Amino acid sequence: MKNKIKTGEIRDAFDCITIDSDGIFKIDYSASKDKDACTFIRSPTFISEGRTWVIRYSPKGSNIEDNATYISLYLELQSKAKFLCTNFSFRLLHNNGYWSTTLLPVDSAWRRSTCIFRAINCYHGFRAFIQRSVLESQYVRDGFFFLSCDIKVMNEAWEKPPLSHKVGLPAFKFLHDDFNDLLTKKEMTDVSFAVDGEIFVAHRLVLAARSPVFKAELFGSMAEANMKCIQINDMSALVFKVLLHFMYTDSLPKVAELFDGESGEKNTDLYILAQHLMVAADRYRLEGLKEICEEKLCMGLTLETVVTSLSLANQLNCHRLKDICLEFVTMPENFVHLAITDPYVQLMQSCPSLLADLRSRFNNTSSSDVALKRQRIE
């Protein structure tokens, strides 16, 4: 992702970070490596996804307890925002001239995170991005190392225009259009499903190709293999309708096809639908649909939905959604409202591990605030 640079706005007097026209950061490691621990150096500001950012770099790490073992890298928002759900990554250029190609959760030269930027000057990133010894031996060249930063602010739209509707492409039908016709016209169907009082017809081969669970049910030794009509329990007809649409088209149906209510009611219904749809996607091992639902739940968190989403994320091992929910809960203005509600108390009582995660985050937030205040004083 190429970053548009705003010149003349270097935020730190110690200028050791520059950005080239391709958005690559050149960091003077030799000149910065002896600065004190917990000291940050800011990059020039840059624009990505329509917002202004800076990179915060700490040559000896942002926590004195790490004994200068790691460098720290953070992305800081410089634009006004209230609740910005963002996916970003940092990647180092190896001294052999190639970019890192291994994406690992810890101590890697390529790290990715999804976080909520609450307001201007909010920052997130990696306290222990990479060991200084590894950086010096593999990534520093002539005293410098090079860094790329990719940023993606998550799209808030429920539906995305199909490929065939994009400007500049011919208006002929694509494969997903043909499969959608196959579903909606109910031609050559060979299996039916009874769901919440409604009957849906489909094609065994399509379902088996899309879902290993359906493949086992429809072509394996399970009883459903010989049934003409299969009963689906614990699922609403609307959820199953959307599930089928995704399996045939690899997309979600238009909102107008699902609801007729007012916009406020529609948004609430969509969020609840996404929660139930993610359970269904997990049930039938539709990983693509599960990821789409997880993203939509991350973007639509409110005080009314965060507890159920956190419970769901914990049950289905959705780590990104869980992290975003925990981040939302630990915001002071949210916690004072949530902590006294029955759903929150019941969830914490039933899931002690979530309570431990929250306590850890509160402790880390307090430590970060103290370090930040100390840095500003110095």
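Numbers given for residues are sequential positions, taken from 1 along each chain in its written order. For this predicted model, a pLDDT threshold of at least 70 governs which residues receive local features, and a threshold of 80 or more governs which side-chain atom pairs are given and counted, while totals over whole chains, interfaces and linings are taken from all residues. Excluded from the side-chain calculation are hydrogens and water; included are all heavy atoms of the structure.

Asker: Sorry if this is basic, but what is going on with the nonpolar core here?
Answerer: For soluble globular proteins, the rule of thumb is that nonpolar side chains tend to be buried together. Within the largest apolar cluster, 63 residues are counted, with the highest numbers of intra-cluster contacts made by Phe193, Leu207, Phe240, Leu243 and Leu289. Looking at this core element by element, the count peaks at 9 residues for helix H6 (residues 237–249). What makes two residues a contact is simply this: any of their non-hydrogen atoms within 4.5 Å. The contacts of Phe240, once residues within four sequence positions are left out, are Phe193, Val195, Phe200, Phe214, Ile232 and Met235. By size, the runner-up hydrophobic cluster in this structure holds 34 residues, among which are Ile27, Phe129, Phe145 and Cys149. As used here, the term nonpolar core means buried Ala, Val, Leu, Ile, Met, Phe, Trp, Tyr and Cys residues forming a set that is joined through side-chain atoms within 4.5 Å. For each residue, the accessible area found with a 1.4 Å probe, counting protein chains only, is set against the maximum for its type, and the residue is called buried under 20%, exposed over 50%, and partly exposed in between. Segments assigned H or I by DSSP are reported as helices when at least four residues long, segments assigned E as strands when at least two residues long, and all are numbered from the N terminus.

Asker: Before we go on, may I ask you to explain the sheet that holds strand S13 (residues 198–202) in this structure?
Answerer: Strand pairing in a sheet relies on backbone hydrogen bonds. The paired strands run either parallel or antiparallel. Two strands are said to pair when DSSP picks up at least two bridges between them. Overall, mixed pairing links the 3 strands, which are arranged S13-S12-S14 in an open sheet. Looking at the sheet topology across the chains shown, the edges are occupied by S13 and strand S14 (229–232). For this sheet the average axis-to-axis angle between neighbouring strands, irrespective of direction, equals 30°. In this sheet, S14 lies alongside strand S12 (residues 191–195) in parallel orientation, the contact comprising 4 bridges. The convention used is that axes are lines fitted to C-alpha atoms, helices contributing only their stretch in contact, and that angles between N-to-C directions extend from 0 to 180 degrees.

Asker: Help me understand the sheet that holds strand S8 (residues 84–92) in this model?
Answerer: Judged by pairing direction, the sheet is antiparallel, and its 5 strands sit side by side in the order S2-S3-S11-S8-S9 without closing on themselves. Each having just a single partner strand, strand S2 (17–19) and strand S9 (110–117) make up the two edges of the open sheet. Ignoring which end each strand starts from, the neighbouring axes of this sheet average 25° apart. Strands S8 and S9 of the sheet are contacted by helix H10 (residues 319–329), whose axis makes an angle of about 40° with S9.

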